[in-house]
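Structure at a glance
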Amino acid sequence: YYAWGRSWGWDPKETWALITWLCFLIYLHGKLLMRWKPNMLSVVSIVGLMILIFAFLGVNLVLSGLHAYGSA
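Let me begin by describing the structure that accompanies this report. (Residues numbered from 1 in each chain as written. Predicted model: local features only at pLDDT ≥ 70, side-chain atom pairs only at ≥ 80, totals over all residues. Heavy atoms only, no water.)

1. Some points on the overall build of the protein chain
The helix and strand inventory of the protein chain stands at two helices and zero strands. For the protein chain, buried positions account for 21% of its 72 residues. Counted over contacts in the protein chain with a minimum sequence separation of 6, partners at least 24 positions apart contribute 62%. Per element, the accessible surface of the protein chain, about 5700 Å² overall, is 72% carbon and sulfur. (Helix = DSSP H or I, 4+ residues; strand = E, 2+ residues; numbered from the N terminus. Buried < 20%, exposed > 50% of the residue type's maximum accessible area, 1.4 Å probe, protein only. Contact = heavy atoms within 4.5 Å. Areas by Shrake-Rupley, 256 points an atom, 1.4 Å probe, with all protein chains shown as cover.)

2. Points about unusual backbone geometry
Despite not being glycine, R35 has its phi angle at roughly 55°, a positive value. Note on placement: R35 falls in the loop between α1 (12–32) and α2 (38–62).

3. Side note on α1
End to end, α1 covers 30 Å across 21 residues, agreeing with the expected 30 Å (1.5 Å per residue, within 8%). When we look at burial in α1, the residues that qualify are E14, T15, T20, C23 and G30. Check the buried side of α1 and you find it contacts α2. (Expected span 1.5 Å × (residues − 1).)

4. Focus on the packing of α1 against α2
Running from amino to carboxyl end, α1 crosses α2 at an angle of 165°, the nearest separation of the two axes being 9 Å. In terms of orientation, α1 lies roughly antiparallel with respect to α2. Pair α1 / α2 crosses with left-handed handedness. Among the residues forming the contact of α1 with α2, the class breakdown is 16 nonpolar, five polar and two charged. (Axes fitted to C-alpha atoms, helices over the stretch in contact; angles between N-to-C directions. Parallel < 35°, antiparallel > 145°, perpendicular 65-115°, else oblique. Left-handed = near helix turned anticlockwise from the far one by under 90°. Nonpolar A, V, L, I, M, F, W, Y, C, P; charged D, E, K, R; others polar.)

5. Examining α2
Its axis deflected by about 45° at A55, α2 carries its strongest bend there. What α2 keeps buried is the set L41, V44, G48, I51, A55, G58 and V59. (Bend = angle between axes of the 7 residues up to and from the residue.)

6. A closer look at the packing of aromatic side chains
Going through the model one piece at a time under the given rule, you end up with two aromatic pairs. Centroid distance W8 to W10: 5.7 Å. Interplanar angle 90°. Geometry classified as edge-to-face. Looking at W8, the relative accessible area reads 36%, which means it is partly exposed. (Phe/Tyr/Trp six-rings, centres within 6.5 Å; stacked < 30°, edge-to-face > 60°.)

Pasting the structure below:
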């Protein structure tokens, strides 16, 4: 908040970090509360891994924003 004057700015890096958290939150709720079968859990975890890789590498290479390091 002190750096940019707001707590959430819809920056692509922040947004994809939120999407990553939500995907793994769905995984945990599906496993613990909804008792999903292992096949469904494995699909959600693979999707979560792809989202995590994109949030870590792809956002800096494809999108631009406040947290884009190395863009011209």
